[in-house]
Structures are given as structure tokens and as C-alpha cells.
There are 2 protein chains.
Amino acid sequence: MVELKGLPGFRDFYPEELAARSFLLGVWKEVARRYGFEEYDGPPLEPLELYTRKSGDEIVQQLYEFEDKGGRRVALRPEMTPTLARMVGARAPALRKPVRWFSTPQLFRYERKQRGRLREHFQLNLDILGEVDVLADAELLAAALDIMRATGLDATQVRARVSDRRVLAAIFRHVGVAEETLEPVYGVVDKLEREPRERLEAQLKNLGLEPQTIAGIFEATQLRGIEELEARFGGVPSVSEGIAELSKYLEHLEDLGVREFVDIDLSVVRGLAYYTGIVFELWDAQRKLRAICGGGRYDELLQLIAGVDMPALGFGMGDVVLSELLRDHGLLPKPGRSLDCFVAWLGADGQRHALRATQALRSAGLSVIFEFRDRRLANQLKSADQLGARRAVILGPKEVEEKQARVRDMSTGAERVVRFDELAATLAAELGDG
Amino acid sequence: MVELKGLPGFRDFYPEELAARSFLLGVWKEVARRYGFEEYDGPPLEPLELYTRKSGDEIVQQLYEFEDKGGRRVALRPEMTPTLARMVGARAPALRKPVRWFSTPQLFRYERKQRGRLREHFQLNLDILGEVDVLADAELLAAALDIMRATGLDATQVRARVSDRRVLAAIFRHVGVAEETLEPVYGVVDKLEREPRERLEAQLKNLGLEPQTIAGIFEATQLRGIEELEARFGGVPSVSEGIAELSKYLEHLEDLGVREFVDIDLSVVRGLAYYTGIVFELWDAQRKLRAICGGGRYDELLQLIAGVDMPALGFGMGDVVLSELLRDHGLLPKPGRSLDCFVAWLGADGQRHALRATQALRSAGLSVIFEFRDRRLANQLKSADQLGARRAVILGPKEVEEKQARVRDMSTGAERVVRFDELAATLAAELGDG
């Protein structure tokens, strides 16, 4: 019989890996709760058109897509935003605005060439819909950054790089880019860190741009900090409005306690076509890994997907890069299981009392495993140790006769006796959350 | 623009439905924790062969299956046990036995005819691997029944129907069924509640069985309770061993505190071919719904899937039937969101202090939403009410000047003032979990 393996690019989560994933999802959910976001979820399988309508037909080559038995073109979800737009759009009039929702879907991509890369990951999606004020932009980034803090990462380890599509557009227009050329210019600028400048210059030239326009584009993308931006373009009326809004945004981030993480960096444009305002990415400070998180304002997508006019903004934060960073900094929880009690027993009477003790201890909220076999006590205690039990409860003939259990502290080895009828309450008080 | 819909048979989980799902998954995880089970997960997409090897090629017509871009035959997982067997099999020598694992996967089925039925559901899978003792069988059923209790259901509302493949086999052999006919007979008996007796009799006759054998089969499946079983077949040596083990099982269930839920019912065989010992199903007491849960011992599956000799037992419990039952009994949590604080403000200074107060309150662990717009206070308080906030924190010009916030208890309308620097600690003490 040939042993079966899982598919390439898919992870098996053994308990140790699952514990790391649960830690991360737990942080996501806890911060989302503190920020007053409600959880939603959609189907992992959606009509293919949901994605092609947003991203064009090229997206198909990156998807797990197929025809189902009913002849429908379907795809495993590669991202959550189209589902969000579909769901919010379908109930737009009834939903209380602003909508504050989050979800932690597993997402799927399949590019033929992508050997050795993961084909699935989990991603926190956190979105605000129905609010145009820049305060909402600040709230969104604050949530992303408070997640960093909640994992234990600080501003020396993680940086937020913030840009603004409207500011970029105003500057690009100012240096001579025509309206219809803006999108392709974003596409080129988005590759700044991955391709040599000469190649990008050639690409910009191919878009029909003059040398001084190209120089202006590069100059703009090198601007760092609101002061540099203000000094260089503050005098250009079409740009200054956006700068004022960015300044307001930074002030809000200061008041929300996360300003120390934030850099203005106009080289960030975010690849996706649908962003319309402030965009941001979170990176490890050394930029050794890929982006931890990316997001921004996408005020026109609901119209495109759901025919509903609703401003929106949100971010996606995957589990893979963030886990890698946390591991590098020793911030993932230590592997190893925890157990409150292991119940050991000897003889038939001991077994019966062990089951009853187990039931009482579990009813009191403790995590308990009892021994299945009539083994030597030393072996049972070895199991208790391997299971990470904090206490062993021992029920042998003597204990049964005296109606009291022997309780062993597995870290110190100290033992004492506790009456049967007081066992659950006593250990719950010692070991419980309370 | 045509509005896009999700696929038929797939659920959108809006926050209200997600809350019900989270409640159920929370109960599953909490009871699994108390029972000392560790969580694992596998990929939602697996090689098709993982399922055909276990269930034969007929299973294909019930699956979401397709060919991926690498030419692999793959399927969305219809059940979790094959993945479990694959994962445990791959690390069998290194894993501490008995393995106690659980998972809560979303599972998928697609039968062409199945109009109007769900094509996905969530299912708790809880399994013990590496233990032959009937104590493990009792532990497994106790876990399933403690989940019922943890949701609020009692023994008047839910019943466990228990049978044993080995006892059934011994009886069937005793009344004249040949070894090779056992499997098809199980298949017929499994339909007892869905098809008329005459049709099943005809099917048994087609298997070549004599009238008195058929009568014996029906008689056996009508046995209820260990006493009836003992009285009718206790004298048959090949059956009495299994009866003794079932008696032991019931005694263990008594000691584990769940005996009151349990009925011996030999009409339960579980459809799947791979069960080898005690099997069980949980049903609503009136049997108005489908089974809530089904499981049992499957000692040979690991061999088949992973080439590993390891006894195993487990159950699957779906979210759909159980949710329906909980809804019928009013045991699902009330819909509606909860929020600790809504922070209202007036004027630019009020806004800045609102953001700072929000940050402090969230850092203290509270869930907080602040107002995005400079609206009339009455409208802001209306939002606080709609959001289910327990407190409104109000920051107007007067409050800012006096460096204290007005705090309104949203249930009573009572207001008081709290100094800025004491706000977070004060409200955390009032509203926090502690």
C-alpha cells in the first residue's frame, strides 16, 4: 500500500503548528473585538466571475478554478474583499453604517510556476464600509498596528509605510503624467523595490513620458516624511489638499497612540488597481521578509461588485510572513501541551473511582486525562509528565478504602491527600482560570 | 451591473449567523480541551485518491472533485477521517499513544440531485488512536454527550443510540448469515428507518438468505437495552463475549456520568463500511431531525490509508442539525452585538481627547468604538444605543476644559464624571472580565 501524501503547497497543521496558528488567530480576534469589529465569513468557493469582474480575466491563471457538476465556473477564494463586497452589497440598505467587519478566511492561489510556494494561507481581513472621513483611515491602521503590539512586536521591529493614491496622482499630474497614464505609472512604481531603476525608466519611457516627467516621478517616490512632502509640493495647490489630509491622518494616529510606527513613503502604491486613497503596508523593520500586511481605501469597489455606492477601506494580513517574523523574535508561544490533571489508578475499584473523579474534575472546568490501562504507577506518572499535567490524581486500593485521592504536584513531586468529595472544588480553585 | 450571488448550497455568515457558529465551535473546543484533546487541521483540498481508497470509486459522484493545473485529481474534503489517518499515519512512530486529537473542519459534498441542500457544513471530529480498551469507547461517547450538556441539552432532549458491529456480526452469523454476506446485510439494516420492511425483506431475500435468517435479523435489530440482549442471546457463546464488553462499556459510561443519555439499540449499524466495533449515533429525543452525531470504532482504517496498524475510534458532529435543535429549544445565544464603550465627542478638542480615551480604554482590554463625525450628541448617543454599548464616554468642550469625561450608563441613563487619568482603570474595573 503506497502511503498517501497531501497536496504540494498545502500545510498539515499538527497540534504544534495548530497552536501557533491559534495564537495568531486569537490575537487577531482579540484586537478586532477591542476595536468593535464584528466577525463574518463567506464561502471558500465562489463564482469565478466575482474575481474576474474585479481583477479582469488575467486573474484566472492565478486561481484554483474549475467547473462544478452543475456547469458553473467556480474558484476557491483567492481573497476576501470580493466576498465582503458581495455580502455587504446584498444587504446594504439594512446594515448600520459604518459597517465594521472582520474575517479570518483561508485563501487559495495556484500559479503553475509557483513551485515550492504555499498555495493557501490564512488572512485577517478587517474593513470599514460607509465612512469617508480620514479618521476611519487612521482607525484602520491603528487596528493593524495594535495587532503588532499585541503579538509583542514594537516600532523598532515593524514599520508602517503610508502613501496616498490621490497625493501621488496630483504629483504625477503636476509633473506631466496624463490622466489615462496614471494606472500604468502606478504599475511601474509598484516594482521599484524588485527591479532595477533603468528597466523601470525604460518602461516609463515606453508609456510616452518625457525625461523630466520620469525624473519627477522618481523624485516623488523618494519623498519620505510629511515635512519633505510639504517642502517639495506644499506650494502646489492640487497637491496641498492631499498633504493636509495626510497631516490630519498622522495627527489622528498620534492620538490613537501608534504614530511611532508610521513612515510616509510615496514609493508605496499597492499593486491592485482598486485603491483610491491612503494606502499602507506593514513591513519588518529590516525588510528582510515580504510585507506583513497591506491595505487602504477602495471607495469604488462596492459599486463594481455590488452596484452599491459605498466608500470602503480595509486591510489583509496573512499568517505566513507574520508567523515567520514572530518566530525570528521568539514571540511565538512555546510548543508543548498543557493539562490540568492526569488521573492514575490501580485495580478495578481504583478505575471506577478514577472515572468518577475525572467526571467531577472536568465538570469543574479542568482539563483531565485518565489512564486507560491498569499499568504500574511509575509508568502512569511518566505519562502524566509527558502530557504536561500539573497534577496527578492517584487512586489505588488504599486511597479508595480511605475515600481520599493522593494528589501529586508534578513540578515539585510533593504529594498530599484530598477527600473524594472535596477533590474537584479543591483542584479547580488551585488550577482554574479564576 | 448584475448583482452577484454566492453559489447555491453555500452559506454566507453575516455577523448574527457567525455568532451562532462561534458559539457552537466554542462549546466544541471547550469540551475537547476539558477532555484533554489537542487540535489539528489539514488541507481543505486533498488528493482524490485519499477518498476513493477508503470508500471506493462511487464516492466520486458525491464530491467536489476536479483536476488542478498540475494535472492532479483533487477533491474538497467531504470528511476529515481520511486526512486524520494520513497525518497520524505519516508520523505514527513519533506520536505519543493514545493520540487524542480534534478538529473542526468545513466539509463539502456535491451530489447533482441534491437541490436545496447545503453543500458545506462544519463538523467536529474527535478521535482517539492507539487504544483498544473499551474504556476509550466510553470516553469518546462521554465527550460527545458532555458537548450536549455544555450546550444546555439534557437526556430528555438528546439520546445516544449504541450498537456494536461485533455483537451484530455474532448474532447475524448465529441466525445463519454467511461471513461474506455480513457487509450487504449491514447495508440493508442501515435503511431500517427510511424504507418499508417489505422492501428490506426482499433485499435480504435477494442476498440468498432463508426466511428464518431474515426473521432472526429483524428480531435482532429490534432488541433494545442490555437486558433484552442478554435474555435473548446471552446463552450464545459467540455473542456473550460482546455482550459482556457492552456491559462494561455501560458501566464506564455510568462512572463517567453520562449513562442516562444512552440506549442500546441494535438497529444502528452506521452506513460506512469501515466500522469494526461499538458504533453510536446521537439523535434528538423525538427523532424529528437527522442524526446529530455519529461515530464508533474503526480499527482497520489506518492500515488501509496509511499502512499503519493502529486501532482507532472517533465521531463527527455537524453544525447544521445541532444548531437546528438548539434553536428549537431556545439554546442559541441571543442575537445582538455587545460593546463596552462608545466614545462621543464635540469639537476638535473633544475629538482629540476622544481618540486618546479610546486608545487608553482599548489598551485596558475594553471593546470601544468612537464617533467618526462631529454630530449632535443626541445622534451620537443613539448610535451608542444601537451598538449595544454599556457605557457612553462623552467628551465636549466643558469636559475637555475640566479634564474629565462624562460617563453615561446606557442601561439606566445615569451619568457621572471621571477624571481623564482614571478613566481607563475605572471602566476596566467596572466592565472588564476580571
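The structure under discussion appears in the preceding block.
Residues numbered from 1 in each chain as written. Chains lettered and ligands numbered in written order. Predicted model: local features only at pLDDT ≥ 70, side-chain atom pairs only at ≥ 80, totals over all residues. Heavy atoms only, no water.

**Student:** Go over the relation of the copies chain A and chain B, please, and point to the residues and values.
**Tutor:** Between the two copies, chain A and chain B, the superposition gives an RMSD of 0.0 Å; the rotation angle is 180° and the shift along the axis is 0.0 Å. Viewed as a symmetry operation, the transformation between the two copies matches a two-fold axis. Among all C-alpha atoms of chain A, that of F66 of chain A lies closest to the rotation axis, at 3.4 Å. Same-surface contact between copies: 100% of interface residues of chain A are shared with the interface of chain B. (Least-squares fit on C-alpha atoms with pLDDT ≥ 70 in both. Contact = heavy atoms within 4.5 Å.)

**Student:** Any chance you could break down unusual backbone geometry for me, citing the residues and the numbers?
**Tutor:** Put simply, K97 of chain A and P98 of chain A share a cis peptide bond, and its omega is -10°. Its location among the elements puts P98 of chain A in the loop between α3 (81–90) and β5 (99–103). Phi angles above zero are rare outside glycine, and K403 of chain A is one such case at about 55°. At R287 of chain B, a position not held by glycine, the phi torsion is positive, near 50°. Among the structural elements, R287 of chain B can be located in the loop between β10 (278–284) and β11 (293–297). Of the residues examined, R287 of chain B reaches a relative accessible area of 38% and is grouped as partly exposed. (Helix = DSSP H or I, 4+ residues; strand = E, 2+ residues; numbered from the N terminus. Buried < 20%, exposed > 50% of the residue type's maximum accessible area, 1.4 Å probe, protein only.)

**Student:** Hey, could you go over the packing of aromatic side chains for me, with residue numbers and the actual values?
**Tutor:** Residues and elements named next belong to chain A. Per the stated rule, a full pass over the model turns up 23 aromatic pairs over all chains. Ring geometry for F172 against Y186: centres 6.2 Å apart, planes inclined by 45°, an arrangement best described as tilted. Placement of F172 in helix α5 (residues 165–174) and of Y186 in helix α6 (residues 182–189) is noted, with a sequence separation of 14 residues between them. Here the two residues F172 and Y186 agree in accessibility, since each one is buried. (Phe/Tyr/Trp six-rings, centres within 6.5 Å; stacked < 30°, edge-to-face > 60°.)

**Student:** Account for empty space enclosed by the protein, with residues named and values stated.
**Tutor:** Residues and elements named next belong to chain B. In total, this model carries two cavities of 30 Å³ or more according to the counting rule given. Each pocket or cavity is described by its volume, and for the largest cavity that value is around 40 Å³. Taken together, V188, V189, L192, L200, L204, I217, F218 and T221 form the lining of the largest cavity. The greatest single-element share of the lining of the largest cavity, amounting to three residues, is contributed by helix α8 (residues 211–221). Across the lining of the largest cavity, the residue classes break down as seven nonpolar, one polar and no charged. (1 Å grid on protein atoms, 1.4 Å probe; cavity = no way out; pocket = protein on both sides within 12 Å on 5 of 7 lines; lining within 4 Å. Points joined across faces, edges and corners; volume = space filled by probe spheres on them. Nonpolar A, V, L, I, M, F, W, Y, C, P; charged D, E, K, R; others polar.)

**Student:** Account for the interface of chain A and chain B, with residues named and values stated.
**Tutor:** Contacts between the two partners involve 101 residues from chain A and, on the opposite side, 102 residues from chain B. Its largest share of buried area at the contact with chain B, chain A owes to L4, K69 and F372 of chain A, together 10% of the area lost on that side. Across the pair R352 of chain B and E251 of chain A runs a salt bridge whose closest N-O atoms are separated by 3.7 Å. For the pair chain A and chain B, the interface holds 36 residue pairs in polar contact (both at pLDDT 80 or more). (Buried area = accessible area lost by both parts, 1.4 Å probe. Salt bridge = Lys/Arg side-chain N within 4 Å of Asp/Glu carboxyl O. Polar contact = N/O pair within 3.5 Å; in protein donor to acceptor, adjacent residues only side chain to side chain.)

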